[in-house]
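This is what each chain is made of:
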Amino acid sequence: MDVLAGCMRGLYGLSIGESARENLATALAMAAAGRGLSRGECVELARRGDDQLLQTFVQAVTIHETYFFRHPEQFELLRAIAQERLRDSPRPSVIRALSAGCASGEEAYSLAIALLSAVQGTPSPPQIEVLGIDIDRPSIEKACGARYGRWAVRDLLPLWSQGSICGPDEAREVVEPYRGLVRFRSVNLHDPFLALLLGHQAPFDFIFCRNVLMYLVPTAITRVLRHLIGLLTPSGYLTFSPTDLQHIPKLFSRHPHDPTFLSRVRSATGGASAPGHPSPSSAEDRPVDSKPASAPADPLAENAHLGQMLANAKRLLDAGDLTRARAICSELLRWHPHVPAALYLAGLVEMESGRAWRAEKLLLEVLERQPDFALAHFVLSTLLKREGRNSEARARLVRLSHLLEGIPDETILAGPEEITCGWLRSVVNDHLNA
Ligand SMILES: C[S@@+](CC[C@H](N)C(=O)[O-])C[C@H]1O[C@@H](n2cnc3c(N)ncnc32)[C@H](O)[C@@H]1O
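Model, not experiment: these values are computed from the prediction.

**Section: unusual backbone geometry**
Cis peptide bonds are those with omega within 30 degrees of zero, and the linkage from S89 to P90 qualifies with 0 degrees. Summarising the element assignment, P90 is placed in the loop between α5 (72-85) and β1 (94-100). A positive phi is found at H71, a non-glycine position, where the angle reads about 55 degrees. Position of H71 relative to the elements: it lies in the loop between α4 (51-61) and α5.

**So, the sheet that holds strand β4 (residues 165-166)**
Two strands in a sheet stick together by hydrogen bonds in their backbones, pointing the same way (parallel) or opposite ways (antiparallel). Spatially, the 3 strands line up as an open sheet ordered β3-β5-β4, and their pairing is antiparallel. Edge positions in the sheet fall to β3 (147-148) and β4, since each of these pairs with one other strand and no more. As paired elements, β4 and strand β5 (residues 172-174) share 2 bridges and run antiparallel to each other. Looking at the pairing, C166 lines up with E173 of β5.

**A few points about helix α11 (residues 322-335)**
Its 14 residues give α11 an end-to-end C-alpha distance of 20 Å, which sits within 8% of 20 Å, the value for a rise of 1.5 Å per residue. Among the residues of α11, A325, R326, I328, C329, E331, L332 and W335 are the ones counted as buried. Buried residues along α11 sit against α10 (306-318) and α12 (340-352).

**Details of the sheet that holds strand β6 (residues 182-186)**
With respect to topology, 7 strands assemble into an open sheet ordered β6-β2-β1-β7-β8-β10-β9, the strand pairing being mixed. Strands with a single pairing partner mark the edges of an open sheet, and in this sheet they are β6 and β9 (253-255). Averaged over all neighbouring strand pairs, the angle between strand axes comes to 25 degrees, with direction disregarded. The sheet contact formed by strand β2 (residues 127-134) and β6 spans 5 bridges and is parallel. Bridge pairing in β6 links V130 to V182. The strands touched by α5 are β1, β7 (204-208), β8 (232-239) and β10 (258-263); relative to β10, the strand with the most contacts, the crossing angle is about 45 degrees. Seen against the sheet, helix α6 (residues 106-119) touches β1, β2, β6 and β7 and runs at an angle of roughly 170 degrees to β2.

What counts, and where the lines are drawn
The residue count restarts for each chain, going from 1 along the sequence in the order it is written. Reporting in this predicted model follows two pLDDT cut-offs: at least 70 for local features of residues, and 80 or more for side-chain atom pairs to be given and counted; totals over whole chains, interfaces and linings ignore these cut-offs and use all residues. Numbering of helices and strands runs from the N terminus; a helix is a DSSP stretch of H or I covering at least four residues, while a strand is a stretch of E covering at least two. DSSP bridges decide pairing: two strands pair if at least two such bridges lie between them. An expected span of 1.5 Å times one less than the residue number is assigned to each helix. Three exposure classes are used. Buried residues have 20 or more other C-beta atoms within 10 Å of their own C-beta, exposed residues have 12 or fewer, and partly exposed residues fall in between, all C-beta atoms being placed from the backbone. Note on contacts: residues are paired as contacts if their backbone-placed C-beta atoms lie within 7 Å. Between N-to-C directions, angles cover 0 to 180 degrees, with each direction set by a line fitted to C-alpha atoms, over the stretch in contact for helices.

In structure tokens form, the structure reads like this:
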């Protein structure tokens, strides 16, 4: 049980208390009986990334309590800030929100309904895009269905939401156009590559991460906060539930009207900026090849725009624009010198630019920091092969093939692409057998 609890902590950042431990023990016993394996064998499979087992254990230890417009005052402030943004120059063409730990989706739909109702009726309103993420797949499936019972709509709905959730009490449905604004994905907030995974949807103007941190261990809270702050726009807000505030470092500015709305920008006097108007000061506003003027005082701000920078570098690399990709990578490494995803992308760019020595150094550093980064092993072996160092390349592939042993085929490997273990395994075998 200790190993399994450690695995849930390591993978998802989940804190396994007394009752979660009991649920986990029951789920383990049932999974072992169902598969005809010993409990130890099941734990080992989970440790190696067996997706089905991991999902069983996630369901055993997560709580999915949620409902529409929970903490209604937060949605009122969200609308007020969105409406204020419409007076900005230039006006935003899109407003993006993330529901991080969305459970069955009520929070994500509430965000979409609040934002759309706030901007509707204004000339050329901005597009609204909402993403909901959670580790619990059945919850995500329910969220995609957009159908809810009476308990999900337990509070009086705000007037401005009228016409968005329709149908009889036990079969309420979020209707268009609200429903179409929301996407859901099964994503782990504690994934070291969160920034990369969400790079295409980021940056977000609003991130709601409510009633999630209380289930995580302190180190995971720090990691998740770092990632989320990196996914915000310069003037974006990170919103927690009032009970979460005790877990949040005092580094953030709190909105003067509601301390649960946090931003990373401070006004010149050191206090919070006016509602909806934090002064822009981030990496996003600088030309890609300029350097930050000085190191940020706030360690969490160091991760500002990590997701966006990674996504930009990846996009430029894919488009073959190596000069600009290199410029972004050097900026990226200046801000995030220890992040494996940043080192990996920089390594890829150097490799494609023909700077083999530098690429090798970066990839080795990735592997020093994250020895099980399968794609980095693979890219390194490709690089070594290109250099004519065939036996070193082969040794790297053999090592990689051992690393992939026992991981289920459908497991998505950490990295900027959704590459499955099965695909990489077959490529590695092809190379080894060639
Ligand atoms: C109590 S619900 C909160 C729902 C919603 N945010 C709200 O406040 O109403 C907590 C959710 O966080 C999710 N969760 C816990 N750890 C997570 C992680 N590492 N990544 C993504 N979601 C996580 C759980 O699966 C669960 O659905």
